[in-house]
Structures are given as C-alpha cells and as structure tokens.
Amino acid sequence: MTEEVAEELHELGAVVYGPLYDEENQLVNRPDLVNSQLLAQLGAMDSIEYPHLVNLDVTALINISSDVTNGGELVEFDDEILNIQAKEEQAEPSVPKLIKFLEGRDVFITKTAHEKFIGLLELVGGIWNNFSAVM
C-alpha cells in the first residue's frame, strides 16, 4: 500500500497492516502508521472464534443458490474465467464448506444485499426467459 493511502486510512481510524511504499515504489518505514501492538496480538492468536450471528453477502447467497455450486451439470460458458470457476467448483465444491461453517449459527442479510440478490435473479431470469422464448 502506498504511504499516502496509509495516511488517509490512519486518519479515518483504520489499522494499517503490511508494507508501505512511497511514490517511487520504495519501501517506507512508518511506525506511526502501523499499530504494532495490535499486529503482535493478531500474530499471537492461535485461532479466531466465529460469532454466532453471520451476515450473508450477495456472493454467499449466489453460492448457496447456484446450480453450479450444488452439483449441477458442468455447463460451458461463453467466458473462459467462468468455465475455470465452474470446473474448480466441480472439483472442490464450496457449498458443503459453507453449510458446515453456518451450522449452529443464525444468519441474516441486509436489505441492500437482498435487493441486489433479487435484482440479479431478475436479470438472469429475464435473460433466460428471453433466451427460452427465442428457442
């Protein structure tokens, strides 16, 4: 991260972590921007306790509801990146891991995440309906 960005984040109260660089991409030592006590505490933690309440974002909602992530047939997409992601999902499914993480926890979504997720469903559904009608 650049020194300038680190300064702005520090002014906002954020904890800066990692190496800092100046405009010439040279490493900068700025201990005044890095909270060394917090970094030492984070480094000493053996494990992190997860909260009982979990906020699902749009990506998690798509993951839970997608045919690709729920054992559906491997489909061919027009986009090579989507094809790679689908093949990786077939090889190592993510939903079982997510479900295991969510076991015993209460989940919620924000109104914004709900609206964006519904918007994506309408967009994909609309495209699919238009595609189906043409065929």
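So, a few notes on the structure that sits alongside this text. These numbers were taken from a predicted model, which means no experiment stands behind them. Every chain is numbered on its own, with residues counted from 1 as its sequence reads. Where totals are concerned, whole chains, interfaces and linings use all residues; where local detail is concerned, this predicted model gives features only for residues with pLDDT of at least 70, and gives and counts side-chain atom pairs only at 80 or more. Only hydrogens and water are set aside; all other atoms, that is, all heavy atoms of the structure, feed into the side-chain values.

### Description of the overall build of the chain
Okay, so step 1: A run of H or I in DSSP counts as a helix once it spans at least four residues, and a run of E counts as a strand once it spans at least two, with each numbered from the N terminus. Per the secondary structure count, the chain includes six helices and four strands.
Okay, so step 2: Ordered by position from the N terminus, the helices and strands of the chain form the series α-β-β-α-β-α-α-α-β-α.
Okay, so step 3: In this scheme, a residue with accessible area under 20% of its type's maximum is buried, one over 50% is exposed, and one in between is partly exposed, where area comes from a 1.4 Å probe on protein chains only. Counting only residues that meet the buried cut, the chain has 19% of its 135 residues in that class.
Okay, so step 4: Throughout, a contact is declared for two residues whenever any of their heavy atoms are within 4.5 Å. The contacts of the chain with a sequence gap of at least 6 include a subset with a gap of at least 24, amounting to 46%.

### Digging into the packing of helix H3 (residues 58-65) against helix H5 (residues 95-102)
Okay, so step 1: All axes are obtained by fitting lines to C-alpha atoms, using only the stretch in contact for helices, and the reported angles, taken between N-to-C directions, cover 0 to 180 degrees. Interhelical geometry of H3 versus H5 gives an angle of 120° and a closest axis separation of 10 Å. In terms of crossing hand, the pair formed by H3 and H5 is left-handed. Where H3 abuts H5, its residues Ala60, Asn63 and Ile64 lie against Val95, Leu98 and Leu102.
Okay, so step 2: For the contact of H3 with H5, the per-class residue count stands at five nonpolar, one polar and no charged. Each crossing gets its hand from how the near helix is turned against the far one by less than a right angle, where anticlockwise is left-handed and clockwise is right-handed. Residue classes follow a fixed rule: Ala, Val, Leu, Ile, Met, Phe, Trp, Tyr, Cys and Pro count as nonpolar, while Asp, Glu, Lys and Arg count as charged, and any other residue, Gly among them, counts as polar.

### Examining unusual backbone geometry
Okay, so step 1: Positive phi is not limited to glycine here, since Asn25 has a value of about 65°.
Okay, so step 2: Overall, the relative accessible area of 57% leaves Asn25 in the exposed class.

### As for the side chain of Arg30
Okay, so step 1: With respect to the helices and strands, the residue Arg30 is situated in the loop between strand S2 (27-28) and helix H2 (36-44).
Okay, so step 2: The exposure class of Arg30 is buried, given its relative accessible area of 18%.
Okay, so step 3: N or O atoms within 3.5 Å of each other form a polar contact, as long as, within protein, one can give a hydrogen and the other can take it, and as long as residues adjacent in sequence are counted only when both atoms are side-chain atoms. Within the structure, the side chain of Arg30 is placed 2.5 Å from the side chain of Glu3, a separation counted as a polar contact.
Okay, so step 4: At a separation of 2.7 Å, a polar atom in the side chain of Arg30 contacts the side chain of Glu7.
Okay, so step 5: With residues up to four places along the chain from it excluded, the contact list for Arg30 reads Glu3, Glu7 and Leu20.

### Brief notes about the environment of Ile62
Okay, so step 1: If you trace the backbone, Ile62 turns up in helix H3.
Okay, so step 2: Taking the relative accessible area as the measure of exposure, Ile62 reaches 37% and is therefore partly exposed.
Okay, so step 3: Residues Ile62 and Leu121, 59 residues apart in the sequence, show an inter-C-alpha distance of 9.2 Å.
Okay, so step 4: Excluding residues that lie within four positions of it along the chain, Ile62 makes contacts with Thr69, Phe117 and Leu120.

### Comments concerning the pattern of salt bridges
Okay, so step 1: By definition, a salt bridge exists where a carboxyl oxygen of Asp or Glu is found within 4 Å of a side-chain nitrogen of Lys or Arg. In the structure shown here, the tally under the stated rule is three salt bridges.
Okay, so step 2: We note a salt bridge from Lys97 to Glu92, for which the minimum N-O separation is 2.3 Å.
Okay, so step 3: A relative accessible area of 48% means that Lys97 is categorised as partly exposed.
Okay, so step 4: Taken together, the shared-partner salt bridges connect Glu3, Glu7 and Arg30 into one network.

### What about the nonpolar core?
Okay, so step 1: To define a nonpolar core, start from buried Ala, Val, Leu, Ile, Met, Phe, Trp, Tyr and Cys residues and group those joined through side-chain atoms within 4.5 Å. Of all hydrophobic cores here, the largest spans seven residues; its members are Val54, Leu56, Ala60, Leu61, Leu98, Leu102 and Phe117.
Okay, so step 2: Within the residue set of this core, elements represented by two or more residues are H3 and H5.
Okay, so step 3: In contact with Phe117, other than residues within four places in its own chain, are Val58, Leu61, Ile62 and Ser65.
Okay, so step 4: Within the second largest apolar cluster, five residues are counted, among which are Val16, Leu20, Val28 and Leu33.

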